[in-house]
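# Structure at a glance
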Amino acid sequence: MNMIYRYTLRSLMKNKTRTIVTLVGIVLAIAMITSVTTLMATLQNFMVERAIVSYGDWHGVALNVPEDILVNISQDPRIEKYRLIQNIGYASLEGSKNQYKPYVFLVGFYEDTYDCLNIKLIQGRFPKNANEVIIPEHISYNGGVTMNIGDQLDLSIGYRYIEEQMLWQFNSYEEPPNLESLVKLNDLSFTIVGIMERPSFEEFSAPGYTVITKLSSEEVLLTQDMKNFDVYIKAKQPMEIFNILDTHASMYGHMTNQPLLMYQGSNSNEVYLSVVYGLATILIVLIISGAVLLIYNSFMISLSERAKEFGLLSSVGATKKQLKTIVMLEAITLSSIGIPVGIASGILGMYITLELIGDAFITLTSERLPMHFYMSNRSIIMAAIMGWMTIYLSALIPAKRIYLTPTMNRIQQNQDMKLTKRKVRTHAMVKKVFGFEGEIALKNYKRSQKRYRSTVISLLISVVLFVSASSFGHYIKLSSEQVVQNLDFDLSFHHNGMTVEEAEILLNELNHTPEIQEGTFYQALFMQAIVEREWLNERYVKESNLEEYKGKIGVWVLVVRDEEWLNFISSHEGNTKGVYSDQIAYYDFESRRYVTYTVLDKALSEITVEWFHELEVKDKNTRFQIDVSNHDQWPMGVVAYQQGGLMVMIPQTYAQSLWEMDEIAFSHSRFFFSSSQPTISYEDMKERLIQQGYSSRNLYNASDQLENNKSLLLLINVFSYGFIILISLIAIANVFNTISTNVLLRRQELLMLKAIGMTTKNLKKMMHYECLFYGFKALFYGLPVSLLMSWLIYESIAYRLEIPFSWPIRSMIISIVSIFVVVFVTMMYSRTKVSHSEDYFQYRS
Amino acid sequence: MEILRVENIVKVYGKGINQVRALDGISFSVDKGQFISIMGPSGSGKSTLLHIMGGVDRPTSGKVFVHGKDIYQQNDDRLAIFRRREVGLIYQFYNLIPILDVEENMILPQALDGRQINDDRLNEFMMVLDLEERRHHLPNQLSGGQQQRVSIGRALMNAPAIVLADEPTGNLDRKNSQQIIELLKYSNERYKQTLIVITHDEQVAMQANRMLIIEDGCITKDEVLRK
Ligand SMILES: Nc1ncnc2c1ncn2[C@@H]1O[C@H](COP(=O)(O)OP(=O)(O)O)[C@@H](O)[C@H]1O
Ligand SMILES: [Mg+2]
């Protein structure tokens, strides 16, 4: 074996404690870096899966292309796969209430089309042959045509034209004067076997509701033999799709799947990614600075201890390159153990964490996807590279310092570092308070500033790391808690429009959902309130630009069911007819403050309101007086209105006495339910809503959300505490390393003090005072720097949310206490090691 | 034949009021195969001179010629190679690498040079230095005399042209001291090596061909003892 390598291995083996501490540091650091990079990969993969579920597993689509170009596409080596939809034709939708969507658009899926396009079935099953179809749910809630599973659907299919020009889904409906026409070709009849959500490929402006049937490969449904396809293409290299579309579809309509490309492609300026990368950067910077310090210190100590040895090597003819090789071999040896172990434990840790709580993400997104552990080669290579850079730099810098010292000085160097020659005066007070030992400790401390510098710096950075990590966890937790609300209902549903009668019918229907305990709704109207100029709060006038005041301001009028009203009012004043609020509360991003004030300076006992659009209501009587009193407590779900300005709440009977309720379509209606089995109720209620012609998309399972939010908070807690613990371990390892080496380096001096008559007790006391001195010094600089770091972290992650800056008092106290604990424990440990060493004389020679 | 020439060497340590003029214009020349002893009070600059001759420490001014070549014209790496091929250094405190055993310490310069170890030579040294039984002991398992013999072995393994010893017997008793000097003289004669020894021991100094006395960084006496 090569002599240099033998020497390196031998010195690693000889300094076992430090080698182990260094290895632990490397493993911890690499594990943390790996968990950050795999978490990022997992998140990115999650976003990709999300995009695939929502928009499909394709990069680009060529629209309405004829059959003959398929040959070229099938031979393009850049294409991973392509899938087809056959555009069959249009039929008019009898009774459509949406004037821009007067058609049904029939498309044919093939067996394999589904692996590119994700169709979300709400009820029933997928079609099995060309006699069956599935229909979208919005044909009912948007088009107003109710159809059910099992119904027969008869369609006279044909093509849309303006003059000779054939029209497809991206040509929206042409009204007069360009009036388009539908040329019918065949009468076809289908059985409805399922209901799906609106497919993502149907644009909002498309004139036909998509209906899907199943075709076998050669099947043609129309007599006119013209096949027209949408070709969904997945490229081998996502970004190649632009060139691929250029080659094959430049003459046709084409689109790319932007959301998928964004997460699969390399460059993207989306906010989400910048936030994720921003957080990851903060984490990695914190981790690496802790790790560099630890590893750097280890190398620094072991190299300066061996400065003399290096001098010797060089005096017998070792070149700089050979000395450098020794240091690098040491780094490589440590890395070759530390990096793989670190990466493996990082992956394992992240895998376990995500397996335990990755399901929390199910309700974070409308796609209801769990987040699965995902690791990419890139994330691991990145971790390995960052780890190696950390180790390399940590070894290189101290090594440089050693080469720069002239050979002579290295040979002559004593074991001890040079002491400052300046005279050290200790105050008489010190002797009085701390005694003789204190005085020596202080002299020691002041004379050997350099020797202590490494310890003080390690302590300082440990404090900063700990406080920063805690602040980081704190803000992440707060901001996630803020997103998570505790709601006092299990299910809610909202719908724009609806009269009282319609709402009552729906409530009655939905109340029959299994497991529902209670249900209610309120309905909101946007009206105008007649308010004197003098009543208005000046701040309101200014911020709402009401300088040219016309005597009216907007007001939300909420009508609640009488039962609800009685429940609500019984806990307040007895015979109130209506209540109002004029609070304004919002978060101002510029000043980063919560702003609250009232609209009015005056308390009102009645409010005069009128219709917003006077012409819309035939009723001659357009102005109403509402008796009210001011309130600051509201039933659930009302908060949003309450903080937006003027808001009035009245019961239905009172509303009835004011205006003709039957004719009023409310701006929107919200329903709330409590349930003993929310999940069961949710599934059933979805079907009921569809049958009643409403969108099930607006049904919201709050309890489900709550459960998942709880696990999300757990996940975040695990992350932030895990992170804090790991950082603290690094910090402790670091402090232990520097202090114990420093004490061991002073072995001779300490034994000398003992030899001239210091008792063990004196010695102990002296060393404890030294601990105090540099503990204080580290805190003196460390605490302000930590505060600054916390503020920076606050600035970068928390200011967008309505969270005030909070002083990291707790983590500061913890770090003060633990600094002294760690320092004292380490000192004691190394002191006993010194006392037990018998080879004093041998050491000296 | 001249092997080493030192010309007007000045060495200054430190700056300003801390400045020390360790060597103040030293010149002399050494013939191949000579055994020279250097004496002088502590702090007079002996060690500094030895290191400068050995290519370990650059002089502030002046030149050192070995085989007629100015050694400090070379860069640091060439200088390191010069040291391991041409110079053997021996110190008072042995300066062995504590984690390498006797054999490894001895072959260190050759190993650094990447050269094939000369086993015959190694075995011969082991025998002459009486270290055969200690071959795989670590330095801290050896007595002072044994350690010094290892460091002599290390200095001689590469068959250097010049052997420089800085108080090689300073830490040893009379019996061990004489043994070490005998060894040095033996190699001086057998391999025609040039030997320069710093010593405080007059008995040791008197065994040389020539004696230099240094005081305050200057040569105050240069005496030929025997041809
Ligand atoms: N590395 C150094 N830095 C500063 N001064 C030094 C250094 N080495 C030696 N000196 C000074 O140079 C002078 C000569 O030292 P040295 O050559 O060791 O003397 P000697 O070996 O004769 O005892 C002394 O005054 C010593 O203090
Ligand atoms: Mg000396």
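Sequence order as written defines the numbering, with residues in each chain counted from 1. Working convention: letters from A go to chains and numbers from 1 go to ligands, in the order in which they are written. Two thresholds apply to this predicted model, a pLDDT of at least 70 for residue-level local features and 80 or more for giving and counting side-chain atom pairs, whereas whole-chain, interface and lining totals are computed over all residues. Only heavy atoms go into the side-chain values, all of them from the structure, while hydrogens and water stay out.

Helix and strand definitions here come from DSSP, where helices need a minimum of 4 consecutive H or I residues and strands a minimum of 2 consecutive E residues; each element is numbered from the N-terminal end. Of the regular secondary structure elements, chain A holds 24 helices and 23 strands. Across the 845 residues that make up chain A, the buried fraction comes to 53%. Here, residues are in contact when the closest pair of their heavy atoms is within 4.5 Å. By sequence separation, contacts in chain A at least 24 residues apart represent 81% of the contacts at least 6 residues apart. Note on areas: Shrake-Rupley with a 1.4 Å probe; residue coverage comes only from the protein chains shown. In the form shown here, chain A has an accessible surface area of approximately 40100 Å², with 56% of it arising from carbon and sulfur atoms. The buried label goes to any residue with under 20% of its type's maximum accessible area, the exposed label to any with over 50%, and the partly exposed label to all in between, with areas taken from a 1.4 Å probe on protein chains only.

Now for the overall build of chain B. In terms of regular secondary structure, chain B is built from 7 helices and 10 strands. Looking at chain B as a whole, 57% of its 227 residues are labelled buried. With the model as given, the accessible surface of chain B reaches about 9900 Å², and the carbon-plus-sulfur share is 46%.

With that out of the way, let us pick up the interface of chain B and chain A. The partner chain A presents 24 residues to the 27 residues of chain B that form the contact. Counting each side, the surface lost to burial between chain B and chain A is near 2300 Å², with a carbon and sulfur contribution of 65%. For this document, the term salt bridge refers to a Lys or Arg side-chain nitrogen within 4 Å of an Asp or Glu carboxyl oxygen. Put simply, chain B and chain A have 3 salt bridges between them. Ionic pairing is found between B:E104 and A:R6, a salt bridge with its closest N-O pair at 2.8 Å. Within 3.5 Å is the distance limit for a polar contact, defined as a pair of N or O atoms, with the added protein rule that one can donate a hydrogen and the other accept it, and that residues adjacent in sequence qualify only through two side-chain atoms. Here chain B and chain A share 6 residue pairs in polar contact (both at pLDDT 80 or more) between them. Residue assignment for the side of chain B that touches chain A shows that the elements contributing at least two residues are α2 (76–86) and α3 (102–112) of chain B. Here the nonpolar group is Ala, Val, Leu, Ile, Met, Phe, Trp, Tyr, Cys and Pro; Asp, Glu, Lys and Arg are the charged ones; every other residue, Gly included, is treated as polar. In terms of residue class, the side of chain B that touches chain A is made up of 16 nonpolar, 3 polar and 8 charged. Accessible surface is computed with a 1.4 Å probe, and the buried area is the amount of it that two parts give up when combined, taken over both parts together.

Looking now at helix α1 (residues 3–14) of chain A. What a helix should span is 1.5 Å times the count of its residues minus one. With 12 residues, α1(A) extends 16 Å between its outermost C-alpha atoms, agreeing within 8% with the 16 Å of an ideal straight helix rising 1.5 Å per residue. The set of residues buried in α1(A) consists of A:M3, A:I4, A:Y7, A:T8, A:S11 and A:L12.

All names here are of chain B. Two strands qualify as a pair provided DSSP detects at least 2 bridges between them. The 6 strands are arranged β6-β7-β8-β3-β9-β10 in an open sheet whose pairing can be described as mixed. Bordering the open sheet on either side are β6 (87–90) and β10 (218–224), each of which pairs with just one other strand. Across the sheet, the mean angle from the axis of one strand to that of its neighbour is 15°, orientation sign disregarded. For helices, the fitted line uses only the C-alpha atoms of the stretch in contact; every axis is such a line through C-alpha atoms, and the angle between N-to-C directions lies from 0 to 180 degrees. Contacts between helix α5 (residues 144–157) and the sheet are confined to β6 and β7 (162–166), with β6 contributing the most and set at about 170° to the helix.

Let's shift gears to the pattern of salt bridges. In this structure the tally under the stated criterion is 31 salt bridges over all chains. Between A:R10 and B:E104 there is a salt bridge, and its shortest N-O distance comes to 2.7 Å. Here B:E104 lies in helix α3 and A:R10 lies in helix α1, a pairing that spans two chains. Take B:E104: its relative accessible area is 5%, and that puts it in the buried class. Ionic pairing is found between A:R688 and A:D684, a salt bridge with its closest N-O pair at 2.4 Å.

Right, let's get into the packing of helix α14 (residues 500–511) of chain A against helix α19 (residues 678–691) of chain A. Residues and elements named next belong to chain A. Where α14 contacts α19, the axes come no closer than 10 Å and their chain directions differ by 145°. For the pair α14 and α19, the crossing hand works out as right-handed. Residue-level inspection shows L506, E509 and L510 of α14 in contact with α19, the latter providing M685, R688 and L689. A class-by-class count of the residues in the contact of α14 with α19 yields 4 nonpolar, no polar and 2 charged. Helix crossings fall into two classes, left-handed where the near helix is turned counterclockwise from the far one by less than a right angle and right-handed where it is turned clockwise.

A separate point is the sheet that holds strand β4 (residues 61–66) of chain B. Residue and element names in this part refer to chain B. The antiparallel open sheet is built from 4 strands, whose spatial order is β2-β1-β4-β5. Strands with a single pairing partner mark the edges of an open sheet, and in this sheet they are β2 (20–31) and β5 (69–70). Contacts between helix α1 (residues 46–53) and the sheet are confined to β1 (2–13), β2 and β4, with β2 contributing the most and set at about 55° to the helix.

On to the pairing of β7(B). All names here are of chain B. Within β7, 5 of the 5 residues are buried, leaving the element largely enclosed by the surrounding structure. Burial of β7 is two-sided: the residues I162, L164 and D166 facing one way and the residues V163 and A165 facing the other way are all buried. Where β6 lies against β7, 4 bridges are found, and the strand directions are parallel. The partner of I90 across the bridge, within β7, is A165.

Of the two site types, the cavity is a set of points on a 1 Å grid over the protein atoms alone where a 1.4 Å probe fits but cannot get out, and the pocket is an open set with protein on both sides within 12 Å along at least five of seven lines, each lined by residues with an atom within 4 Å of a point. Grid points are joined across faces, edges and corners, and a volume is the space filled by probe spheres set on the points. Counted under the stated rule, the structure contains 7 cavities of 30 Å³ or more. Of the pockets and cavities examined, the largest cavity occupies roughly 110 Å³. Looking at the largest cavity, the residues that line it are A:S11, A:L12, A:N15, A:R18, A:T19, A:T22, A:S298, A:F299, A:S302, A:R306, A:E330 and A:L334. Contributions of two or more residues to the lining of the largest cavity are made by α1, α2 (16–55), α7 (271–305) and α9 (320–357) of chain A. Here the second largest cavity is characterised by a volume of approximately 70 Å³. Forming the walls of the second largest cavity are A:S315, A:V316, B:R83, B:R84, B:V87, B:G88, B:L89, B:P109, B:R154, B:A155 and B:N158. Grouping the constituent residues of the lining of the second largest cavity by class yields 5 nonpolar, 3 polar and 3 charged.

Further remarks concern a nonpolar patch on the surface. Residues and elements named next belong to chain A. Patches here are clusters of residues that have more than 30% relative accessible area and form no salt bridge, with a 9 Å joining cutoff for like charges and a 5 Å cutoff for nonpolar side chains (Val, Leu, Ile, Met, Phe, Trp, Tyr). On the surface, a cluster of nonpolar side chains totalling about 600 Å² of accessible area is made up of W807, I809, I813, V817, V821 and V825. Looking at the element boundaries, I809 is found in helix α23 (residues 809–835). Residue classification places I809 among the partly exposed positions, given a relative accessible area of 47%.

Before going further, it helps to spend a moment on the environment of A:Y263. All names here are of chain A. Structurally, Y263 can be placed in helix α6 (residues 258–264). You can call Y263 buried: its relative accessible area is 8%. Separated by 220 residues in the primary sequence, Y263 and L43 have C-alpha atoms spaced 9.9 Å apart.

What follows concerns the packing of aromatic side chains. Ring geometry is summarised as follows: Phe, Tyr and Trp rings, the Trp one being its six-membered ring, pair when their centres sit within 6.5 Å, and such pairs are stacked at plane angles under 30 degrees, edge-to-face over 60 and tilted between the two. Scanning the entire structure with this criterion turns up 22 aromatic pairs over all chains. Pairing A:W791 with A:Y794 gives two aromatic rings, centres 5.3 Å apart and planes at 35°, and the pair type is tilted. In this pair, A:W791 and A:Y794 are both assigned in helix α22 (residues 760–798), 3 residues apart and thus about one turn of the helix distant. In this structure an aromatic cluster arises from ring pairing among A:Y90, A:Y103, A:F105, A:Y159, A:W168 and A:Y173. Note on criteria: charge over ring means Lys NZ or Arg CZ within 6 Å of the ring centre, with the direction from the centre no more than 35 degrees off the ring normal. For the cation-ring pair, A:K101 lies above A:Y209, with the distance from its terminal atom to the ring centre recorded as 5.1 Å. It is B:R5 that lies over the ring of B:F65; its NZ or CZ is 4.5 Å from the centre.

Working definition: residue near molecule or strand if any one of its non-hydrogen atoms lies within 4 Å of it. In the vicinity of ligand 1, 13 residues are found, and the nearest of them are B:G43, B:G45, B:K46, B:S47 and B:T48. Those chains with residues close to ligand 1 are chains A and B. Between an oxygen atom of ligand 1 and a main-chain N or O atom of B:G43, the distance comes to 2.7 Å. B:K46 is positioned with one of its backbone polar atoms (N or O) 2.9 Å from an oxygen atom of ligand 1. Protein burial of ligand 1: of its 560 Å² of free accessible surface, 69% is covered by the chains. Within the residue set of the shell around ligand 1, elements represented by two or more residues are α11 (407–412) of chain A together with β2 and α1 of chain B. It is α1(B) that provides the largest number of residues to the shell around ligand 1, a total of 3 residues.

Here we come to the environment of B:I3. All names here are of chain B. As for its placement among the helices and strands, I3 is situated in strand β1. Separated by 191 residues in the primary sequence, I3 and T194 have C-alpha atoms spaced 8.2 Å apart. Those residues in contact with I3, other than ones at most four positions away along the chain, are V30, D31, K32, F65, V66, H67, A161, I162 and T194.

The next point concerns the pairing of strand β10 (residues 228–235) of chain A. Look at any regular strand and the pattern is simple: side chains alternate between the two faces of the sheet. Residue and element names in this part refer to chain A. Counting buried residues in β10 gives 8 out of 8 residues, a clear majority hidden from the surface. A two-sided burial pattern is seen for β10, the buried positions comprising N228, D230, Y232 and K234 on one face and F229, V231, I233 and A235 on the other. As paired elements, strand β1 (residues 60–66) and β10 share 5 bridges and run antiparallel to each other. By the bridge assignment, G60 is partnered in β10 with I233. As paired strands, strand β2 (residues 79–92) and β10 are joined by 7 bridges and run antiparallel to one another.

Just geometry here; none of it tells us what the structure is for.
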